[in-house]
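Summary of the model geometry
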Amino acid sequence: MVLKPPSVPPEVIQTTDTAWSVEQSSEFYGVNDWGEGYFDISPAGNLVTQLTFGDKISQVALLDIIQGMKDRGIEMPSILRIENLLDERVSALNEAFKRAIQTYRYQNDYRGVFPIKVNQQCHVIEEISDFGASYHYGFEAGSKAELIIALSKLKDDQSLIICNGYKDPEFIELGLYAKEMGLKCFFVLETPSELPIILEISQRRGIEPLLGVRIRPTVVVDGHWNEGSGDRSIFGLSTSSLIKVVEELKQSGMLHCLQLLHCHLGSQIPNIRNIRSGTLEACRFYSGLIEEGAPMGFLDLGGGLAVDYEGTRSNHHHSMNYQLDEYCVNIVETICECLDPLEIPHPVIISESGRSTVAYSSMLLFNVLDVRDHRPVPLPATLPEKCHELVHNLWQVNQVVTSTNFQECYNDVLFYRDEVRELFRHGQATLSDRAIADNITLAVLEKIAALLKTTDKSYPALDNLPEMLADTYYGNFSLFQSLPDIWAIDQVFPVMPIHRLHEEPDRDALIADITCDCDGKIDHFFNAQGLQRTTRLHSMKEGEEYYLGVFLVGAYQETLGDLHNLFGDTNVVSVHINADGSYDFVREFHGDSIADVLSYVEYDVRTMTEEFRQRAERAVKAGKISAARRKEMMKAFKASLDGYTYFEKEQH
Ligand SMILES: *Cc1c(COP(=O)(O)O)cnc(C)c1O
């Protein structure tokens, strides 16, 4: 296998460094744990994305792709999509079900659908439709807009369209027309009130609907979304409404339209036992409906297939204690166990896996703009005479801290430091007192951190010490726009440098974004030591960019994002990796300009330009600036409007 060397920095393996190895980086950042084999580190310390072609592995360094973006004028931050990694996930899911179906001699097929809400971006949907056609892979639509996407983008006529969510007459009419054209478009009833409208319109148009019922499973699942499961679920029919729906269908002679049972347990289900019990419960409902005389034929188990964001293979919220094959086997086996004794024919198995299908293929790449280093400046040999008494107390603590008293010293320094700050607020300590106090405190905390490393005992009271001493790396991205789940639900994503991985990451760090919002930070990391408030990054090098990546961000992040501080959509690039290790830029999408985001909040950019022009003209009249300067100012104003909302190093 020949690897294409990345262009910047040149693929030189530095031997001057310490004994740090790429294997250590791989272990620290857990690349093999969360990466599902799609990522690795090259001997030169670059993070590579890799795909298998027959018996060959093709690797491309992310740094190389960033260089390619730069050459095309696509700046950081940027979402990078690997098109064939998405294909790979679609294929993995379908092949895993195929294997389970063969193993259990299951007498029907698997027909997956992709839930559009998980990533609605046009080129994600088009790629899924193109590649998925050979598997008859369809779409799940939860709204009219999503149904319109499915109706226009679906390539394969045998694929299913599953319509969930509230359906108004327009939605229903569209779905019926789809059915008339030969598409298998199911309406899943979420509430009994939908049925009369569907029946009425279908009668009026003379088109019979394909119907499904969504049940409310009582299995309470683990994980973050468990509140939506069980009896309190806000979606689906209660058992009594289900009976009512069946009765109404019988009365109107339409029971033969009821062919599908839908059951969605929740998203990111970390525990395989929940999948099993949910499937079992769904099967019970399924057989109950058959007993009632509905033809059935389709069993839709919804989403929930998890992604191991932590890489711990556990039942933690952001992990999963099973693998894809196990998921499929558990479903197929449970259906057989439940339906075979009743001699009920095997239904078509449908799943609506969103997260697991799209998470891997997208990553957020950004450069670091600045680092705030929390190291104390060297302390003077003695304290200045006129320091406040409390500063002298702090100084004293610094003299006496040892491995036997550091917990006490920790409490003392924080107490004295806070006292000095309090006095400063009341005008009883000077700015210089405060500066010296802060600095001595840092010096003592640093000593304590060093002492802490020499002991095996744990000191829970000192848990946030690393965080207090960690550097802040300022990243060129907005958490609210690109990683909203970190803010909303404390989601943990893998975060790591994409180069210099043959060097030891020598700084404790947390990552702040550029929104200047105190919530705009990444301060939960999963690494070799478990969940940590800080991670380790490399010291910045003068004149050299430092790039970080946040991984597994393809699901839910892109459209949940908001315009906090008016940072808009980022650039997006899709690449396709070839068998020979080269890659093609297949699509690029330029993120929002400042003019774009202003128009989203209903500013009229032309009026604003005119208002600025008038201001400049008044300044010319008042003799504050020259007309030539006015021209320059107008040019700068217009260039800013056209510019990217993120930090740009070069002016246009
Ligand atoms: C959100 C949702 C899904 C997708 O769930 P994942 O856990 O992302 O696979 C599937 N079906 C329904 C009904 C949903 O609401």
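Note that this is a predicted model, so its numbers are computed, not measured.

Overview of the overall build of the protein chain
- Scanning the protein chain from terminus to terminus reveals 22 helices and 23 strands.
- Here the contacts in the protein chain between residues at least 6 apart in sequence split such that 75% fall between residues at least 24 apart.
- Accessible area for the protein chain stands at about 29,400 Å²; split by element, carbon and sulfur atoms hold 51% of it.
- Seen as two clouds, the 58 positive and the 95 negative side-chain charges of the protein chain have centres 5 Å apart.

Description of the site of the ligand
- In the vicinity of the ligand there are 17 residues, among which K117, S267, E352, G354 and Y556 approach most closely.
- Residue E352 places a side-chain N or O atom 2.6 Å away from a nitrogen atom belonging to the ligand.
- Between the ligand and the protein, one listed contact pairs an oxygen atom with a backbone N or O atom of R355 at 2.9 Å.
- Burial of the ligand by the protein chains amounts to 92% of its free accessible area of 390 Å².
- Looking at the shell around the ligand residue by residue, the class counts come to 3 nonpolar, 9 polar and 5 charged.

Observations concerning the environment of A178
- Its location among the elements puts A178 in helix α7 (residues 169-180).
- As a C-alpha pair, A178 and L151 span 27 residues in sequence and 7.3 Å in three-dimensional space.
- Excluding residues that lie within four positions of it along the chain, A178 makes contacts with L151, L183 and C185.

Let's talk about the pairing of strand β4 (residues 78-82)
- Counted residue by residue, β4 has 5 buried out of 5 residues, so it is predominantly covered.
- Judged by which residues are buried, β4 turns out to be covered on both faces: S78, L80 and I82 on one side and I79 and R81 on the other are all buried.
- Pairing analysis gives 4 bridges linking β4 to strand β13 (residues 362-372), with the strands arranged antiparallel. Bridging across to β13, I79 finds its partner in L364.
- The pairing of β4 with strand β22 (residues 571-577) spans 5 bridges and is parallel. Its bridge partner lying in β22, I79 is registered against V572.

Points about the sheet that holds strand β2 (residues 47-53)
- The 3 strands lie next to each other as β1-β2-β3, forming an open sheet whose pairing is antiparallel. Every other strand in the sheet has two partners, leaving β1 (39-41) and β3 (56-61) as the edge strands with one partner each. In this sheet, neighbouring strand axes are inclined to one another by 40° on average, regardless of whether the strands run parallel or antiparallel.
- The pairing of β2 with β3 spans 6 bridges and is classified as antiparallel. The residue bridging F53 from the neighbouring strand is K56, located in β3.
- Here helix α3 (residues 62-71) sits on the sheet in contact with β2 and β3, set at roughly 55° to β3.
- Set on the sheet, helix α4 (residues 83-103) makes contact with β1 and β2; between it and β2 the angle comes to about 50°.

A few points about the nonpolar core
- Residues I65, L80, L258, L261, I511, I522 and F551 are the most contacted members of the largest nonpolar core, which totals 146 residues.
- Here this core spans two domains, since at least three of its residues come from each of domain 1 (1-82 + 360-373 + 470-591) and domain 2 (104-353).
- If we skip the residues at most four places from it in the chain, L80 touches L62, I65, M69, S361, S362, M363, L365, V573 and V575.
- Counting 27 residues, the second-largest nonpolar core is a separate cluster that includes L394, L423, A437 and A449.

Parameters and conventions
Residues numbered from 1 in each chain as written. Predicted model: local features only at pLDDT ≥ 70, side-chain atom pairs only at ≥ 80, totals over all residues. Heavy atoms only, no water. Helix = DSSP H or I, 4+ residues; strand = E, 2+ residues; numbered from the N terminus. Contact = heavy atoms within 4.5 Å. Areas by Shrake-Rupley, 256 points an atom, 1.4 Å probe, with all protein chains shown as cover. Lys, Arg positive; Asp, Glu negative; His and termini not counted. Charge placed at Lys NZ, Arg CZ, Asp CG, Glu CD. Near = heavy atom within 4 Å. Polar contact = N/O pair within 3.5 Å; in protein donor to acceptor, adjacent residues only side chain to side chain. Nonpolar A, V, L, I, M, F, W, Y, C, P; charged D, E, K, R; others polar. Buried < 20%, exposed > 50% of the residue type's maximum accessible area, 1.4 Å probe, protein only. Pairing = 2+ DSSP bridges. Axes fitted to C-alpha atoms, helices over the stretch in contact; angles between N-to-C directions. Core = buried A, V, L, I, M, F, W, Y, C linked by side-chain atoms within 4.5 Å. Domains from an automatic or database assignment.

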